[in-house]
Amino acid sequence: MIFKDEIEKIIFSNPRKFEDKYKKITLIKKENLYHIEKRTEKQVFHENVEFDCIPEYCMQILTGFKQMNAWSNTYEYSLRFSKKEKILFNKKALTQPLKISTEHNRKKRYLLEEGIIIQPLVDMGIFSKEGKVIHSMYDKYKQINKFIEIIDTIIEKSELESINIIDFGCGKSYLTFVVYYYLTVLKNIKANIIGLDLKEDVIVKCNNAAKKYGYDDLKFVIGDINGYQPTLPVDMVISLHACDVATDYALYNAICWNAKMIISVPCCQHELNQQLTSEELAIFQRYGIVKERVSALMTDAIRANLLEYFGYKTQLLEFVDFEHTPKNILIRAIKTNISPKQKSVVMNEIKSLTNCFNLNPKLFRLLEESNMI
């Protein structure tokens with residue numbers, strides 16, 4: 001058991017059974033005792049345990065979790081159990097002393113916590129050099145945490161020990177760096193991430209930043225969403241702000257590669273807005289703003305159904321975008337199995353909608369031209 005007097009904070013995560021009551025337990029040192037925060041899906045319970053009782057207390061907790069992270073002022077220790085119950089241990093020096101928040105215990109706790117130096121967030125202007133959230137950037141801090149929470153939901157269930165990710169249209173890659181930190185530091189998962197973008201200067205800056213942070217398995221290359229060929233099996237595809245049909249190319253590639261997970265935030269759905277016509281439901285095309293919003297919703301509904309057709313459990317989640325655009329839908333898809341009956345249902349829904357409004361969406365065409373549907 002990893003435990004010394006100087007341990008300031010301990011987090012138990014990744015419960016062994018999904019139905020277990022407690023999803024996360026956090027211990028924070030307070031003079032001669034530890035304050036305990038035990039989280040369920042909807043509630044948080046608090047208690048205090050005397051210092052001398054902590055080693056035995058932690059041993060009991062560890063039997064119900066697959067991962068433990070502990071911090072002193074100078075080191076982070078991680079202990080993780082693999083699928084085969086192999087113990088994986090890591091000790092990493094902190095670049096800055098650990099800062100424990102002294103604010104009220106009931107304040108919402110985020111996956112990317114204050115008090116821990118996360119260099120990409122410092123460079124983004126979200127954190128100060130001391131790991132404190134800049135007041136004017138608090139909304140963006142919450143948005144970034146929300147995005148990580150959406151990924152965390154599927155990572156927790158995957159039990160992956162390593163993951164290969166393609167990030168299409170990565171841009172300045174703020175989120176790519178944060179995702180890499182979350183996977184490698186917080187989840188102790190070996191992550192290979194490739195960010196693609198068409199701008200050479202952006203790629204150079206991102207590679208320099210990855211080198212600066214010591215993110216050895218995070219690479220950026222010049223590449224197009226359409227036509228990129230990965231050299232490794234793809235576990236996850238991320239596509240943020242891919243404009244109009246660029247999102248369709250990203251989803252098409254993810255399907256072709258049989259990616260296990262897809263996270264996409266579409267942008268600027270113009271294609272169906274130009275196609276949408278209906279004699280019986282002409283009211284939807286009478287008003288420009290209505291036509292724009294209806295066609296955008298139809299675009300994402302068709303995309304979601306096509307993902308379902310190929311065996312993805314798909315959700316359309318409300319999501320406040322980092323760029324403050326009016327788009328607020330995120331597509332999250334996880335590879336599962338689908339029955340022939342369900343495949344028929346989702347495809348018939350697509351055909352009914354496209355026939356009613358004379359639509360021919362790009363993703364459908366790409367899959368059809370490849371003889372996949």
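In this text the structure is predicted, and so the values were computed from the model without any measurement. Going along each chain's sequence as written, the residues are numbered from 1 onward. Reporting of local features is limited, given that this is a predicted model, to residues whose pLDDT is at least 70; pairs of side-chain atoms are given and counted only at 80 or more, and all residues count toward the totals for whole chains, interfaces and linings. Remark: hydrogens and water are excluded; side-chain values derive from all non-hydrogen atoms of the structure.

J.: Outline the environment of glutamate 8, supporting the account with residue identities and numerical values.
T.: Along the chain, glutamate 8 falls in the segment before strand S1 (9-15). Spatially, the C-alpha atoms of glutamate 8 and isoleucine 116 are 12 Å apart, while their sequence positions differ by 108 residues. Think of it this way: any DSSP run of H or I at least four residues long counts as a helix, any run of E at least two long counts as a strand, and we number them from the N terminus.

J.: Can you break down the sheet that holds strand S7 (residues 87-93) residue by residue, with the values?
T.: One open sheet accounts for seven strands, arranged S4-S3-S2-S1-S5-S6-S7; its pairing is antiparallel. Two strands in the sheet have a free side with no partner beyond their single neighbour: strand S4 (44-50) and S7. The average undirected angle you get between the axes of adjacent strands in this sheet is 15 degrees. If DSSP finds at least two bridges between two strands, the strands pair. As paired elements, S1 and strand S2 (residues 24-30) share four bridges and run antiparallel to each other. Among the inter-strand pairings, isoleucine 11 is bridged to a residue of S2, identified as threonine 26. In this analysis, axes come from line fits to C-alpha atoms, helices being fitted only over the stretch in contact, and the angle between any two N-to-C directions falls in the range 0 to 180 degrees.

J.: Requested: an account of a nonpolar patch on the surface, with residues and values cited.
T.: Patch membership is restricted to residues that have no salt bridge and whose relative accessible area is over 30%. Joining uses 9 Å for like charges and 5 Å for the nonpolar side chains Val, Leu, Ile, Met, Phe, Trp and Tyr. Only the protein chains shown count as cover for residues, and all accessible areas are computed by the Shrake-Rupley method using a 1.4 Å probe. A pairing counts as a salt bridge when a side-chain nitrogen of Lys or Arg comes within 4 Å of a carboxyl oxygen of Asp or Glu. Together, Ile283, Tyr287, Ile289 and Val290 make up a nonpolar patch on the protein surface, roughly 380 Å² of accessible area in all. Mapping tyrosine 287 onto the fold places it in the loop between helix H8 (283-286) and helix H9 (288-309). A relative accessible area of 48% means that tyrosine 287 is categorised as partly exposed. Each residue is placed in one exposure class: buried if its accessible area under a 1.4 Å probe, protein chains only, is under 20% of its type's maximum, exposed if it is over 50%, and partly exposed if it falls in between.

J.: Please set out the sheet that holds strand S14 (residues 329-335) residue by residue, giving values where relevant.
T.: Within a sheet, neighbouring strands are paired by backbone hydrogen bonds and run either parallel or antiparallel to one another. Pairing is mixed across the open sheet formed by seven strands, whose spatial order is S10-S9-S8-S11-S12-S14-S13. Strands at the two margins of the open sheet, each flanked by one partner only, are strand S10 (218-222) and strand S13 (312-318). Strand after strand, the sheet turns through a mean of 15 degrees between neighbouring axes, direction not considered. As paired elements, strand S12 (residues 261-267) and S14 share four bridges and run antiparallel to each other. Residue methionine 261 lies in a different strand from S14, and its bridge partner there is isoleucine 334. Contact between two residues is taken to exist if any of their heavy atoms lie within 4.5 Å; hydrogens are not considered. In the packing of helix H6 (residues 246-256) onto the sheet, the strands contacted are strand S8 (162-168), strand S11 (236-243), S12, S13 and S14, and the crossing angle to S11 comes to about 170 degrees.

J.: Summarise helix H11 (residues 362-369); cite the residues concerned and give the values.
T.: Counting buried residues along H11, six of its eight residues qualify, which places the element largely inside the surrounding structure. Along H11, the residues classified as buried are Lys362, Leu363, Phe364, Arg365, Leu366 and Leu367. Looking at the buried side of H11, the elements it contacts are H6, helix H7 (271-275), H9 and helix H10 (340-357). Once H11 finishes, asparagine 371 follows within two positions and takes phi at roughly 60 degrees, a positive value.

J.: For unusual backbone geometry, give the residues involved together with the corresponding values.
T.: Phi angles above zero are rare outside glycine, and asparagine 188 is one such case at about 55 degrees. Along the chain, asparagine 188 turns up in the loop between helix H4 (174-186) and strand S9 (190-197). In this structure, asparagine 258 is a non-glycine residue whose phi angle is positive, near 60 degrees. Residue position: asparagine 258 is located in the loop between H6 and S12.

J.: Pulling in residues and values, what's your account of the pairing of S8?
T.: Across the seven residues that make up S8, a large majority, six, are buried. The sheet contact formed by S8 and S9 spans six bridges and is parallel. Bridged to aspartate 167 within S9 is glycine 195. Handedness rule for crossovers: strands pointing away from the viewer, path from the first strand over the helix to the second running clockwise, crossover right-handed. After leaving S8, the chain enters H4 and then returns to the sheet as S9, a path that is right-handed. Of the pairings in the sheet, the one linking S8 to S11 comprises four bridges and is parallel in character.

J.: Got a sec to walk through empty space enclosed by the protein? Specific residues and values, please.
T.: Points on a 1 Å grid over protein atoms alone make up a cavity when a 1.4 Å probe fits among them but cannot get out, and a pocket when they form an open set with protein on both sides within 12 Å along at least five of seven lines; lining residues each have an atom within 4 Å of a point. Grid points are joined across faces, edges and corners, and a volume is the space filled by probe spheres set on the points. A full pass over the atoms with the stated rule returns two cavities of 30 Å³ or more. Reported here for the second largest cavity is a volume of approximately 50 Å³. If you go around the second largest cavity, the residues you meet are Asp248, Glu271, Leu272, Thr299, Ile302, Arg303, Leu306, Pro361, Lys362, Leu363 and Phe364. Of all elements in the fold, only H7, H9 and H11 reach the threshold of two or more residues within the lining of the second largest cavity. Top contributing element to the lining of the second largest cavity by residue count: H9, with four residues. Residue classes follow a fixed rule: Ala, Val, Leu, Ile, Met, Phe, Trp, Tyr, Cys and Pro count as nonpolar, while Asp, Glu, Lys and Arg count as charged, and any other residue, Gly among them, counts as polar. Split by residue class, the lining of the second largest cavity holds six nonpolar, one polar and four charged.

J.: Let's hear about the pattern of salt bridges: which residues, and what values?
T.: Counted by the stated rule, this structure contains 14 salt bridges. Here lysine 142 ties to aspartate 139 by a salt bridge, and the two come within 3.8 Å at their closest N and O atoms. Here the residue lysine 142 and the residue aspartate 139 both occupy positions in helix H3 (residues 138-158), the gap between them amounting to three residues, near one helical turn. Judged by relative accessible area, lysine 142 falls into the partly exposed class, the value being 36%. We classify aspartate 139 as partly exposed; its relative accessible area is 49%.

J.: I'd like a rundown of the layout of surface pockets, residues and numbers included.
T.: In this structure, the largest pocket encloses a volume near 1100 Å³. Looking at the largest pocket, it is lined by 41 residues, and the ones nearest its centre are Lys23, Lys24, Leu111, Asp152 and Glu156. Residue assignment for the lining of the largest pocket shows that the elements contributing at least two residues are S1, strand S5 (65-71), H3, H4 and S13. Tallied by class, the residues present in the lining of the largest pocket amount to 15 nonpolar, six polar and 20 charged.

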